[in-house]
Amino acid sequence: MRFGGAIAALVLIAAAGAQAQDLEFSGDLSLEGRWYPESPAFPGQRSGTAGLVAQPTLYGEPGEATSFTFTPFYRYDSADSQRTHADLREAYLLTYGDWGEDFWELRLGFDRVFWGVAELHNLVDIVNQVDLVEHPRNRPKLGQPMAHLTISGDWGIAEAFVLPYHRKRTFPGRTGRQRSALLIDEDAQYESAAEEHHVDFALRYSHAVDLVDFGLSAFVGTSREPSFLIGLQSGPTPTSDARLIPYYEQIRQFGIDAQLTTEPWLYKLEAIHRSGARNLLGQEENYGAVIFGMERTFYALFDSRADLTFLAESLYDGRGRRSTSAWANDLFVAGSVAFNDVEDTQLLAGLLADLRHDYRALNLELKRRLSGSWSMRLEGIANLSADPQDLTYDGRRDSFLGAGLTYSF
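Residues numbered from 1 in each chain as written. Predicted model: local features only at pLDDT ≥ 70, side-chain atom pairs only at ≥ 80, totals over all residues. Heavy atoms only, no water.

Novice: Would you explain the overall build of the protein chain in this entry?
Specialist: From N to C terminus, the protein chain includes 2 helices and 21 strands. Against the globule reference of 22 Å for 409 residues, the protein chain gives a C-alpha radius of gyration of 22 Å, in line with a compact fold. Seen along its three principal axes, the alpha-carbon backbone of the protein chain occupies a region of about 65 × 60 × 40 Å. Across the 409 residues in the protein chain, those meeting the buried criterion constitute 46%. Put simply, of all contacts in the protein chain between residues at least 6 apart along the chain, 57% involve residues at least 24 apart. (Helix = DSSP H or I, 4+ residues; strand = E, 2+ residues; numbered from the N terminus. Rg over C-alpha atoms; globule rule 2.2 N^0.38 Å. Buried < 20%, exposed > 50% of the residue type's maximum accessible area, 1.4 Å probe, protein only. Contact = heavy atoms within 4.5 Å.)

Structure below.
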């Protein structure tokens, strides 16, 4: 991607021009492993995998009201060549200043943007592409090339995005676990003749009024969520193996996210209306989707230092069985305990249920700091039941236990 190389070069030139005392270097190095208790469903898959993750960040201020951030990412995976990959998570120049009584800032380059208030899935969050090989639930984001202008004041925050390049979603490879029965082709097709070079646009306005924090957003351009065509394997010597070919439509999406803060409950809402996308039958269908959630924290649990947070979320997609999303009609209930100790120990347990298909999954996660620089993370996803009629059946039937050890600097 020539655009990415140019942006990275600009950021590195800015770094070279900054004084040594103006540079900050930080980041994470992690060793990770997973064990899959179920027997592999496809040839070449392994029961265990190990890997290394590096995500350093270089930050500097080469001039007044100007800064740069450079965050590359690399993962090595012992089992899946598609999961071994590199990315520019962030590589942008930032400049800012006053505009009358308001404040403005402009970011140019690769960046990650988050929209939404829900925990399990964010309908309105559409600027960045999902790095799906990283995790089936947390879904980290690929860096997105953008020009991002923000203007803020007492009246709220207005943001405008120009997105000149589309990032394709990552998927597990032939030997990867949690893959689909049909392999997903690395090449993709686009509705736009400009393909990945189509220029997309996004707008967002957010504000806080009394007890309500809300955001209104609009997006016009290439969908981040592909539909799929069935074709033969691409390449110089095609085979007879059928493959799923990602197809990215031109869509329009309008969204709202809001959070009402009361005592003692938080109420969360995300809703979208999207046009231009294909449904599971391959037909274009305009639709709406909504997430509603409730959250409450019980402080000083049993007169201890620990706090317990309870969360429940319901997801609904108006396309019903024609939906291409894994989050079409789901219920998520979770509880997390923050022990508020020196080690910042946190324990999370959640149950996800698909109300349309017979799918139930239990999620457990434990995070704890071992020292000033070292931390550990244990997690497990146990698929209690899976429905062969579910579109995501093949990817959802792989339970796993994972462990990670991270050094932060």
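Next comes the rest of the account.
Novice: Where do I start with the packing of aromatic side chains in this structure?
Specialist: How two aromatic rings sit relative to each other is set out by the distance from centre to centre and by the angle between their planes. Evaluated as defined, the whole model comprises 9 aromatic pairs. Relative to F400, the ring of Y36 has its centre 5.9 Å away and its plane inclined at 55°; by these criteria the two rings are tilted. Here the residue Y36 occupies a position in the loop between β1 (23-35) and β2 (48-63), and F400 occupies one in strand β21 (residues 400-408), the gap between them amounting to 364 residues. An identical accessibility class is assigned to Y36 and F400; each is buried. Here a set of aromatic residues connected by ring pairs shows up, and it is made of F25, W374, Y407 and F409. Over the face of the ring belonging to F400 we find R34, whose NZ or CZ atom lies 4.4 Å from the ring centre. Residue placement shows R89 over the ring face of F73; its charged tip is 4.0 Å from the ring centre. (Phe/Tyr/Trp six-rings, centres within 6.5 Å; stacked < 30°, edge-to-face > 60°. Lys NZ or Arg CZ within 6 Å of the ring centre and 35° of its normal.)

Novice: In this structure, what is going on with the pattern of salt bridges? I would like to understand it.
Specialist: Working definition: two side chains of opposite charge can pair if their charged atoms are close together. With the rule as written, the count across this model stands at 22 salt bridges. D87 serves as the salt-bridge partner of R167, at 3.0 Å between the closest nitrogen and oxygen. Placement of the pair is R167 in the loop between β7 (156-163) and β8 (189-190) and D87 in strand β4 (residues 85-99), with a sequence separation of 80 residues. By relative accessible area, R167 is classed as buried at 14%. D87 sits in the buried class, given a relative accessible area of 8%. Its salt-bridge partner being R377, residue E379 comes within 3.2 Å of it at the nearest N-O pair. If you follow the salt bridges from partner to partner, you end up with D87, R89, D131 and R167 in one network. (Salt bridge = Lys/Arg side-chain N within 4 Å of Asp/Glu carboxyl O.)

Novice: What is the right way to look at the sheet that holds strand β12 (residues 242-248) in this model?
Specialist: Pairing between the strands of a sheet comes from backbone hydrogen bonds, and it takes one of two forms, parallel or antiparallel. In space, the 3 strands of this open sheet follow the order β8-β12-β11, with mixed pairing throughout. Among the strands making up the open sheet, the edge pair consists of β8 and β11 (227-232). Direction of pairing for β8 relative to β12: parallel, over a ladder of 2 bridges. Across the sheet, the residue bridging to Q189 is Y247, located in β12. (Pairing = 2+ DSSP bridges.)

Novice: Would you take a moment to explain the environment of A258 for this structure?
Specialist: Mapped onto the elements, A258 comes out in strand β13 (residues 250-261). Each C-alpha atom of the pair A258 and L405 lies 36 Å from the other, and the pair is 147 residues apart in sequence. When sequence neighbours within four positions are dropped, the list of residues in contact with A258 reads V117, D213, F214, Y267, K268 and L269.

Novice: What am I meant to see in a nonpolar patch on the surface here?
Specialist: There is a patch of nonpolar side chains on the surface, built from F25, L29, L31, L52, Y74, Y76, L370, W374, L405, Y407 and F409 and spanning about 1000 Å² of accessible area. Every element with two or more residues in the nonpolar patch is listed here: β1, β3 (66-77) and β21. With 3 residues, β1 is the largest single contributor of residues to the nonpolar patch. Y76 sits in the partly exposed class, given a relative accessible area of 42%. (Patch = residues over 30% accessible without salt bridge, like charges linked within 9 Å, V, L, I, M, F, W, Y side chains within 5 Å. Areas by Shrake-Rupley, 256 points an atom, 1.4 Å probe, with all protein chains shown as cover.)

Novice: Help me out: how do you make sense of the pairing of strand β17 (residues 329-338) in this one?
Specialist: Each regular strand displays side chains that alternate between the two surfaces of the sheet. Pairing of strand β16 (residues 307-317) with β17 involves 10 bridges; the strand directions are antiparallel. By the bridge assignment, L315 is partnered in β17 with D330. With 9 bridges connecting them, β17 and strand β18 (residues 346-354) associate as antiparallel partners. For A334, the partnering residue across the bridge sits in β18 and is G350.

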